[in-house]
Each structure stands twice: as C-alpha cells, then as structure tokens.
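Chain residues, written in single-letter form:
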Amino acid sequence: MKGNFFRFNFYYVLSLLFLLVFAFEAESEQRRNEVQELNIYFGGLHSHTSISDGELMPEDAFRYARDVAGVDFWAVTDHWYAFDTSGAIGFQAVDSKSNGQKTQGTKRGNSENFRILKEHAKKESIPGKFVAIGGFEWGITEHINVFNTDTKLKLSEWMQLKSFYNWLRKNPDAVAMFNHPGEGGTPVWDDFKYYKDLDSIINCIEVINATAGSYEDFVDFYFMALDAGWHLGPAASEDSHHSFWGTRCECRTAIFAEELSEESILNALRNHNFYATADKNLRLYFLGNNNLMGSKIALKRGENINFYIKVVEPDGEVVSRIAILSNNKTLIKEFENDKSQFEIIFSIPFESVGEEAKYYIVEVSLQSSKKAISSPIWITPLN
Ligand SMILES: [Zn+2]
Ligand SMILES: [Zn+2]
C-alpha cells in the first residue's frame, strides 16, 4: 500500500514536471514565432545637407533615401551652429567630405533653418511607408545627435558638454545618440561619465559610421559606455556629407517598432529595441527568457537565462559567426555556421558580483566581413 502510494506520487510528480517543461517550451516557441512576426524597419539616424556642411536640401535627402535607397526611415541631422537662434554664429560651409570641395563664403546660423528642416521632414513622410525625421548634431569636439525637440535652439546655452547636458535635462522627451565616439582622438563625453537623469534621454551610440566611405568601427566604445552604466543600443550611420543618402553604404539601424511612425520609432529607441547592421536587410532576433533585446530582467543568482538567437540574411549571404558578449566585452559563447540562416538556443546560469547589472550582446559576422550588433539584454540580480 505504502509502496503504491509513493509510486503513484512519483509518477504524478514526474508527469507534472513533464507538463510544466512542455508548457514552458510551448510558450517559448510561441514567443519566438511572435517575435519573428514583428516589424523591423531599416534606416539611418545621421546625415547632413547644405543647411550645414553637406549638399542640397533636406527634402532632397529624404526623397533620395526613400525613393532610391529604399529605407523605411531617415534622419537629417545638420550641425547645431546652423540653427543658432541669434544668428550670431558664422560658420564656413566647408568641405563636403565626398569631393573635398570647399563652398565659398561664410554662412550665418539661422533660426529659420530648423523650421525648414522640420517642414521638409513633415512633407516627405508618408504614413505607414516612410518616416522623415528632422534632428540636429550638437558638438564642437565630441558630437551628439538629438531628436524630438522644438525649434528654439539657444546656442549660447550649450557651448560646453556640461551646459549641453543641462539643456538636454530640460528636454526629457528628446532622444539622443553618442556619435562616432573617439573619432580622431576626440574626448568621449567626460569618459562616459554616467548621469542617471540623462540615461533615459541618451539611448543610442554609433558603433558604425561610414562618413569617410568605408566603415569605421566603434564597437569598443559601445562596451565602454555600457560598462560605465549607460543603457544604450547601437546605431549604424552613413553620416552623409554628399548628395546621396543611404546608398554609399549598406549600414542601417534596424528597429523593432509597432508601426512606421516617428513616435513608434522614437519609442523603440527609448526601449533599445534595435540593432546596428552593416548589411541593409539582415534580420536579427535576440531573446533572453523570451524578452526581446533591450529588455531588463531580474533574476536570482544561479537561475538560468535561456537565450534564443536567430539571424536571417535574405540575400543568401553566409552568416558565419555569432558571438555572445558580456560586460568588459567578455566572450561568453561563440558559434559557427555555413548558411544564410542561423538559429541558436542555449542556457547559462546567471552569475553576477555585487549589485551590478549584467548585460549580454549578440555580435554577428557575415562571411563578407559585414557585421551586426544587438542592443543588450540587461539582467539585474534579485536578492
Ligand atoms: Zn559628427
Ligand atoms: Zn555628422
């Protein structure tokens, strides 16, 4: 009797366990399928026109990006001095980097310029088809792109990083991006000194910038900024200073968004639901415990993190390697492949020292040496 009772319980527990595992697997599979149904929009967040030191006008840039490059969204982000409300700052509209030609004469900063940029963006946007965004690029040495602000830009307030940060604090709806970190030995925002109140405003960092025509890779700075405590996702930009936008390189920022609207794009940037890719249409899905890249998860030490990674290169290029990296660019795992699709499921126990969050990032390499890199999944320790 006793024996039967235990046997009964043993089988009962076993089948319950089996059901639980089965339910978890079914839920995971459902979630993976759902995620692959999400919209990924490909575009650029950094380019210039003749409003500052590029060529032609914002409407030309937006039309070209939309109709020739075929991107889903595009931002024109001319240099800040062109938008000075006082008109006091003169600048030389120099060196279009594509041909090294100098435009003669000095321009004046003009408060009208920002209004024109915003107007062109509105005019060239097509709901559900193409989002044109007007922003600006701040900076004398180190540069920062800013989106979603009004047109009254008071130059006198932000000659230094500190005063610019103060201005940014007064614009909590803005979305900002660290541009081409450390390019040419420029300082990196006071060594990425972390400010909690700016963390929700500065959401991106360029890891690829192709202003010189070939890619410059800033991935190491991405890790430096994350290690300093910033919550950032990676962007890949053309930083166009010529009369074509989105065709000089295939670099794109790829965004998981509900719909193709500026608000939806900005929200996805705030939530770090995006990745940087040097391939124009590479699809990268990265889940931690069924949560999309950009998520923050709380776990007890020793609990498992279940990773799901899927990469699809629609044009048949071979996705040769996937690496999972963590704090201090520590390599956690790597996988090799010889196909244009790559799907990986694996688990690791969560280990963390102290209160610090740990983050995990996926780095994808194509055989052609093109790269993609994900936003992090952050894990905070539960006590
Ligand atoms: Zn710049
Ligand atoms: Zn620029």
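Residues numbered from 1 in each chain as written. Chains lettered and ligands numbered in written order. Predicted model: local features only at pLDDT ≥ 70, side-chain atom pairs only at ≥ 80, totals over all residues.

This next bit is on the overall build of the protein. When its secondary structure is counted, the protein shows eight helices and 22 strands. A buried classification covers 42% of the 383 residues belonging to the protein. Taking contacts inside the protein between residues at least 6 apart in sequence as the whole, the part at least 24 apart equals 71%. (Helix = DSSP H or I, 4+ residues; strand = E, 2+ residues; numbered from the N terminus. Buried ≥ 20, exposed ≤ 12 C-beta atoms within 10 Å, placed from the backbone. Contact = placed C-beta atoms within 7 Å.)

With 90% of its residues at a pLDDT of 70 or more, the protein shows a mean pLDDT of 89. Long-range and interchain partners of residues 94-100, a stretch whose pLDDT sits below 50, account for 16 contacts in this model, where long-range means more than four residues apart. (pLDDT = per-residue confidence, 0-100.)

Once that is clear, we can look at the pairing of strand β16 (residues 304-312). Looking along a regular strand, one sees side chains alternate from face to face of the sheet. Bridge count between strand β13 (residues 283-288) and β16: six bridges; the pairing is antiparallel. Residue pairing in the sheet places R283 in a bridge with V312 of β16. Bridge count for β16 against strand β19 (residues 341-349) is nine bridges, and the pairing is antiparallel. Looking at the pairing, N304 lines up with P349 of β19. (Pairing = 2+ DSSP bridges.)

The next thing to look at is unusual backbone geometry. Of note, N148 is a non-glycine position whose phi angle comes to about 65°, a positive value. For N148, the position within the fold is in the loop between β6 (144-147) and α4 (161-169). One non-glycine residue with positive phi stands out, namely H180, at about 25°. Here H180 lies in the loop between β7 (175-178) and α5 (189-192). A count of 22 C-beta atoms within 10 Å places H180 in the buried class.

Counting 98 residues, the largest nonpolar core has W74, I205, V207, I255, I265 and L284 as its most contacted members. For L284, the residues in contact, after removing those within four places along its chain, are Y275, V311, V362, V364, A372 and S374. (Core = buried A, V, L, I, M, F, W, Y, C linked by C-beta atoms within 7 Å.)

On to the packing of helix α2 (residues 58-69) against helix α3 (residues 111-124). Where α2 meets α3, the closest approach of the two axes is 8 Å, and the angle between their N-to-C directions is 30°. Overall, the two elements α2 and α3 adopt an arrangement that is roughly parallel. Note on packing geometry: the crossing formed by α2 with α3 is right-handed. Counting all contacts with α2, which are made through P58, E59, F62, R63 and R66, the residues of α3 involved are L117, H120, A121, K123 and E124. Taken together, the residues of the contact of α2 with α3 break down into four nonpolar, one polar and five charged. (Axes fitted to C-alpha atoms, helices over the stretch in contact; angles between N-to-C directions. Parallel < 35°, antiparallel > 145°, perpendicular 65-115°, else oblique. Left-handed = near helix turned anticlockwise from the far one by under 90°. Nonpolar A, V, L, I, M, F, W, Y, C, P; charged D, E, K, R; others polar.)

Moving on, we get to the pairing of strand β18 (residues 330-336). Buried residues are scarce in β18, accounting for zero of its seven residues. The pairing of strand β17 (residues 319-326) with β18 spans six bridges and is classified as antiparallel. The residue of β18 that forms the bridge with L325 is L331.

This part takes up the environment of F147. In this fold, F147 is placed in strand β6. Residues F147 and I133, 14 residues apart in the sequence, show an inter-C-alpha distance of 7.8 Å. Apart from residues lying up to four places away in sequence, F147 is in contact with A75, I133, G135, A174, V175 and L266.

In space, the four strands of this open sheet follow the order β14-β13-β16-β19, with antiparallel pairing throughout. The sheet is open, and its two borders are formed by β14 (291-292) and β19, each paired with just one other strand.

Now for the environment of E216. Within the fold, E216 resides in strand β9 (residues 216-217). For the pair E216 and E183, spaced 33 residues apart in sequence, the C-alpha to C-alpha distance is 8.8 Å. For E216, the contacting residues outside a window of four places in its chain are H180, E183 and N209.

To continue, consider α4. If you check which residues of α4 are buried, you get F164, Y165 and L168. The arc enclosing the buried residues of α4, seen along the axis, measures out at 100°, which places them on a common side. Along α4, exposed side chains directed more than 90 degrees from the buried face belong to K162 and S163. Tucked into the core, α4 has its buried residues touching β5 (131-138), β7 and α6 (196-199). (Arc of directions from axis to C-beta.)

Along the chain, E59 turns up in helix α2. Note on E59: 18 C-beta atoms within 10 Å, which makes it partly exposed. Considering only alpha carbons, one finds E59 and I116, 57 residues apart in sequence, at a separation of 9.4 Å. Leaving out residues up to four positions away in the same chain, E59 has contacts with H120, K123 and E124.

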